[in-house]
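# Structural overview for review
These are the residues of each chain, in order.
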Amino acid sequence: HPTGLKVQCQQKGGRDSQAHQEIMTSYHKPDEKTLQALRDIANKLRINSIKATCASNSGHPTSCCSAAELMSVLFFHTMRYKANDPGNQCNDRFVLSKGHAAPVLYAAWAEAGYVKESDLVNLRKIDCDLEGHPTPKLAFVDVATGSLGQGLGASCGMAYTGKYFDKSSYRVYCMLGDGECSEGSVWEAMAFASYYKLDNLVAIMDVNRLGQSEAAPLKHDMETYRKRCEAFGWNTYVVDGHDVEELCKAFWQAQQVKDKPTCIVAKTFKGKGLKNIEDLDNWHGKPIPKDRVDDLLNDLMAQIQVPNKTLCPEMPNDDTAPADLSLISLPAPPAYKKGDKIATRRAYGVALAKLGQSSQRVVALDGDTKNSTFSETFKKAFPDRYIECFIAEQNMVGVAIGCATRDRTVAFASTFAAFFSRAYDQIRMGAISQSNVNLVGSHCGVSIGEDGPSQMALEDLAMFRAIPTCTVFYPCDGVSTERAVELAANTKGICFIRTSRPDTKVIYSPDEKFELGVAKVVRKSDNDKVTVIGAGVTLHEALTAADILANEGINIRVIDPFTIKPLDASTIVASARATGGRIITVEDHYKEGGLGEAVLTAVGEEPGIVVTRLAVSGVPRSGKPQELLDLFGISISVIHVVGLVLVKTV
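Since this is a predicted model, take the numbers as computed values, not measurements. (Residues numbered from 1 in each chain as written. Predicted model: local features only at pLDDT ≥ 70, side-chain atom pairs only at ≥ 80, totals over all residues. Heavy atoms only, no water.)

Turning next to the overall build of the protein chain. Counting secondary structure elements, the protein chain contains 22 helices and 19 strands. For the protein chain, whose C-alpha radius of gyration is 28 Å, the value lies close to the compact-globule estimate of 26 Å for 650 residues. With the principal axes as the frame, the protein chain shows a C-alpha extent of 90 × 60 × 45 Å. Look at the contacts in the protein chain between residues 6 or more apart in sequence, and 78% of them connect residues 24 or more apart. Carbon and sulfur atoms provide 49% of the accessible area of the protein chain, an area that totals close to 24,800 Å². Averaging the positions of the 72 positive and the 77 negative side-chain charges in the protein chain gives two centres separated by 1 Å. (Helix = DSSP H or I, 4+ residues; strand = E, 2+ residues; numbered from the N terminus. Rg over C-alpha atoms; globule rule 2.2 N^0.38 Å. Contact = heavy atoms within 4.5 Å. Areas by Shrake-Rupley, 256 points an atom, 1.4 Å probe, with all protein chains shown as cover. Lys, Arg positive; Asp, Glu negative; His and termini not counted. Charge placed at Lys NZ, Arg CZ, Asp CG, Glu CD.)

Let's shift gears to the sheet that holds strand S8 (residues 386-388). The mixed open sheet is built from seven strands, whose spatial order is S8-S7-S9-S10-S12-S11-S17. The sheet is open, and its two edges are formed by S8 and strand S17 (563-565), each paired on a single side. On average, each strand axis in the sheet is tilted by 20° relative to the strand beside it, whichever way the strands run. Sheet topology note: the strand S11 (residues 471-473)/strand S12 (residues 495-498) ladder contains three bridges and is parallel. Residue Val-472 lies in a different strand from S12, and its bridge partner there is Phe-496. (Pairing = 2+ DSSP bridges. Axes fitted to C-alpha atoms, helices over the stretch in contact; angles between N-to-C directions.)

Of note, Ile-47 is situated in helix H2 (residues 32-56). Under the relative-accessibility criterion, Ile-47 is labelled buried at 6%. Sequence separation of Ile-47 and Leu-297 is 250 residues, and the distance between their C-alpha atoms is 6.2 Å. Once residues within four sequence positions are removed from consideration, Ile-47 is found in contact with Leu-297, Leu-300, Met-301 and Ile-304. (Buried < 20%, exposed > 50% of the residue type's maximum accessible area, 1.4 Å probe, protein only.)

The next subject is unusual backbone geometry. Between Lys-565 and Pro-566 the backbone carries a cis peptide bond, its omega angle lying at 0°. Structurally, the position occupied by Pro-566 is in the loop between S17 and helix H19 (569-578). A positive phi angle is found at Asp-279, which is not glycine, with a value near 65°. Note on placement: Asp-279 falls in the loop between strand S5 (262-267) and helix H10 (290-303). Judged by its relative accessible area of 24%, Asp-279 is partly exposed.

It is worth spelling out the packing of helix H4 (residues 68-78) against helix H9 (residues 244-256) at this point. One can describe the packing of H4 onto H9 by two numbers: an axis separation of 10 Å at closest approach and a directional angle of 55°. Relative to H9, H4 is oriented oblique. Between H4 and H9 lies a crossing whose hand is right-handed. On H9, the residues touching Glu-69, Leu-70, Val-73, Leu-74, His-77 and Thr-78 of H4 are Val-244, Leu-247, Cys-248, Phe-251 and Gln-255. Taken together, the residues that form the contact of H4 with H9 break down as seven nonpolar, three polar and one charged. (Parallel < 35°, antiparallel > 145°, perpendicular 65-115°, else oblique. Left-handed = near helix turned anticlockwise from the far one by under 90°. Nonpolar A, V, L, I, M, F, W, Y, C, P; charged D, E, K, R; others polar.)

Attention now goes to the environment of Val-141. On the secondary structure map, Val-141 appears in the loop between helix H5 (102-112) and helix H6 (151-165). Residue Val-141 is classed as buried on the basis of its relative accessible area of 8%. Note: C-alpha distance between Val-141 and Thr-405 (264 residues apart in sequence) is 9.8 Å. The contact partners of Val-141, leaving out residues within four places of it in the chain, are Leu-105, Pro-134, Thr-135 and Pro-136.

The next thing to look at is the packing of aromatic side chains. Per the stated rule, a full pass over the model turns up 27 aromatic pairs. Taken together, the ring pairs in this structure connect Phe-75, Phe-76, Tyr-81, Phe-94, Tyr-106, Trp-109, Tyr-114 and Phe-140 into an aromatic cluster. (Phe/Tyr/Trp six-rings, centres within 6.5 Å; stacked < 30°, edge-to-face > 60°.)

With that out of the way, let us pick up H4. A large share of H4 lies buried, amounting to ten of its eleven residues. Turning to H4, its buried residues are Ala-68, Glu-69, Leu-70, Met-71, Ser-72, Val-73, Leu-74, Phe-75, Phe-76 and Thr-78.

Now for a negative patch on the surface. A surface patch of like charges, here negative, comprises Asp-291, Asp-294, Asp-295 and Asp-299. When you line up the elements, Asp-294 lands in helix H10. Among the residues examined, Asp-294 registers a relative accessible area of 54% and is labelled exposed. (Patch = residues over 30% accessible without salt bridge, like charges linked within 9 Å, V, L, I, M, F, W, Y side chains within 5 Å. Salt bridge = Lys/Arg side-chain N within 4 Å of Asp/Glu carboxyl O.)

With that settled, the discussion passes to the sheet that holds S5. By definition, the strands of a sheet pair up through backbone hydrogen bonds, in either a parallel or an antiparallel sense. Strand order in the open sheet made by the five strands is S1-S2-S3-S5-S4, with parallel pairing throughout. Both edges of this open sheet fall to strand S1 (93-96) and strand S4 (235-240), since each of them pairs with a single strand only. For this sheet, the mean inter-axis angle between neighbouring strands, taken without regard to orientation, is 20°. As defined by bridge partners, S4 adjoins S5 across six bridges and the pair is classed as parallel. Within S5, the position partnered with Asn-235 by the bridge is Thr-262.

Predicted coordinates in regions of low pLDDT should not be interpreted in detail. Put simply, the protein chain has an average pLDDT of 95, and 96% of its residues get 70 or more. In the model, residues 1-19 has pLDDT below 50 throughout and makes 33 contacts with residues more than four positions away in sequence or in other chains. (pLDDT = per-residue confidence, 0-100.)

Here we take up the domain arrangement of the protein chain. Often, the extent of an interface is quoted as the loss of accessible area on bringing the components together. Segmenting the protein chain into domains produces domain 1 (45-302), domain 2 (340-506) and domain 3 (520-649). The C-alpha centroid of domain 2 is placed 32 Å from the C-alpha centroid of domain 1. Across the boundary between the two partners, domain 1 contributes 33 residues, which contact 28 residues of domain 2. Taken together, the two surfaces of domain 1 and domain 2 that pack against each other cover about 2,300 Å², and 54% of this comes from carbon and sulfur. The largest share of the area that domain 1 buries against domain 2 comes from Gln-150, Phe-165 and Glu-188, three residues that together contribute 23% of it. Remark: the boundary between domain 1 and domain 2 carries two salt bridges. Close ionic contact of Asp-166 with Arg-408 constitutes a salt bridge, the shortest N to O distance being 3.0 Å. At the junction of domain 1 and domain 2, the tally comes to nine residue pairs in polar contact (both at pLDDT 80 or more). (Domains from an automatic or database assignment. Buried area = accessible area lost by both parts, 1.4 Å probe. Polar contact = N/O pair within 3.5 Å; in protein donor to acceptor, adjacent residues only side chain to side chain.)

Enumeration over the complete set of coordinates arrives at 25 salt bridges. A salt bridge links Arg-226 to Glu-223; the nearest nitrogen and oxygen atoms lie 2.0 Å apart. Of this pair, Arg-226 and Glu-223 both sit in helix H8 (residues 222-231), three residues apart, which is roughly one turn of that helix. Arg-226 sits in the buried class, given a relative accessible area of 12%. Among the residues examined, Glu-223 registers a relative accessible area of 35% and is labelled partly exposed.

In this section: the side chain of Thr-531. Here Thr-531 shows up in strand S15 (residues 530-534). Engagement of the side chain of Thr-531 in a polar contact is seen with the backbone oxygen of Ser-575, the distance being 3.2 Å. What Thr-531 contacts, discounting residues up to four positions off in sequence, is Arg-557, Ile-559, Ser-575, Ala-576, Thr-579, Arg-582, Ile-583 and Ile-584.

As structure tokens, this is what we get:
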């Protein structure tokens, strides 16, 4: 719609047209002084973006210029926030999904008075937090962006939290580039937002036509953008992204719409306002040449009519309570007895429901696997704190990260561990975002059995060990699983809990204490010959093998690491020294990056220790769980044989 005034039901009949008229009659156009101030601010944002990128001799000034009016209207007319307290829980949220336009975001906060304008020229310097793409080192950044296509998913999590958990009036605004709309994760988020009627969410598509190496697929085909957004259930306005009056109307109108998210599809020009650069190819990611800077800056400054006119953002409603950061504890110890059998995936559901009793901040998400991961146990207890994300794992992780921002929730997201590989980029960005989010992967390894290799997580330990902020839990029974969930709820950074499909015996008493990075020596004697380290299912294989060997007069030491990262190196080294330097690791995972490699790293500088690794090799197949453990050499019989061989070679 050329004026940006189209409402969601305009063409459906008289009643809707009447409602449209009522909405528009209550709209008050900003006075001309305000509109001119917004235009002036847009040009100030351009000027500071150019200065910053020139000072660093890198960055994306043309991507900033296309968004200048959008940022001006958002930050100085539409959004409600405390400029001196960017992280306040009551503030409207803003996510710059097109993170390469970071300089215009920094310039906006300088205009708001939070960032010193003199600091903008330190962009991208080693000692400056104004990095090439936004990160939460800055108080006004909730999630790191720059890996494109992820901002909207996180924004969905923030908006869902605002509407359904906080029940507050803050709104969420997310700016996307047109290039990143080729990412499937954008459309996962679009589907999620409309399904959950996130009318407190506004996406802004900065359709500046040009990508990095060539034009974006749709170029300036605004009608197709509109149809796509409407097809995904969004209230959609197509606007001139450089017309501040039109933008003011569209953002105001978005606030009136109920039960639908709004997308502002803004036609813009890359490098807007820059003579002989605007809307031209080959300017992506390039600072303005030094011999052209002064002329371009002078052109922009000449357009500023009221240089000293300032606009202050409206204050937010004070309707969001500060986050309760108190410790979250299980309300009662695990109810299992030694010898009981329960799958760790089922124990996860029990533990999560118990934690939900202790804290309203605990929420759960799942990707349509809740009856397999047992997150359904939490859903039954607390349906209002459960988010079904359906089969869209990238978006599920993004939503979880968004839910956890500003400490509004303690989020647990679960699916089959194998399917987190699909969301690895979101997990990686979650670490850069300093996110405290808990991911729980069930159905790990060949021990799931007949479902076959597509469902078997055999790379997940390697994936999560490589995440810099990640704690990796691998509980072996119901008790250790409950304690892992409790610890994860109170641990900063990404947490991954690996749970198994088969029922396994409870080996710990309910009052057993667990700590991060502290292993349990679960079988020990004074004359142990070998140290065997198993985890999850393979720990039980190791314990049974230890019983068989003991009947043959050979004692072995068995260690449960509990956390694979951090790994208890001191316990492992001490046990290895006590058993002649002989270690066997046995894992339901590929050799690369798993438990065995973690142990090798722990003992790598210790002389005289030899590690024999038993792990899955090659692509597995369907079969019964025990058949597969035998086939891939990680079962009782193989541990028994390898243990005998190592002892006899002494």
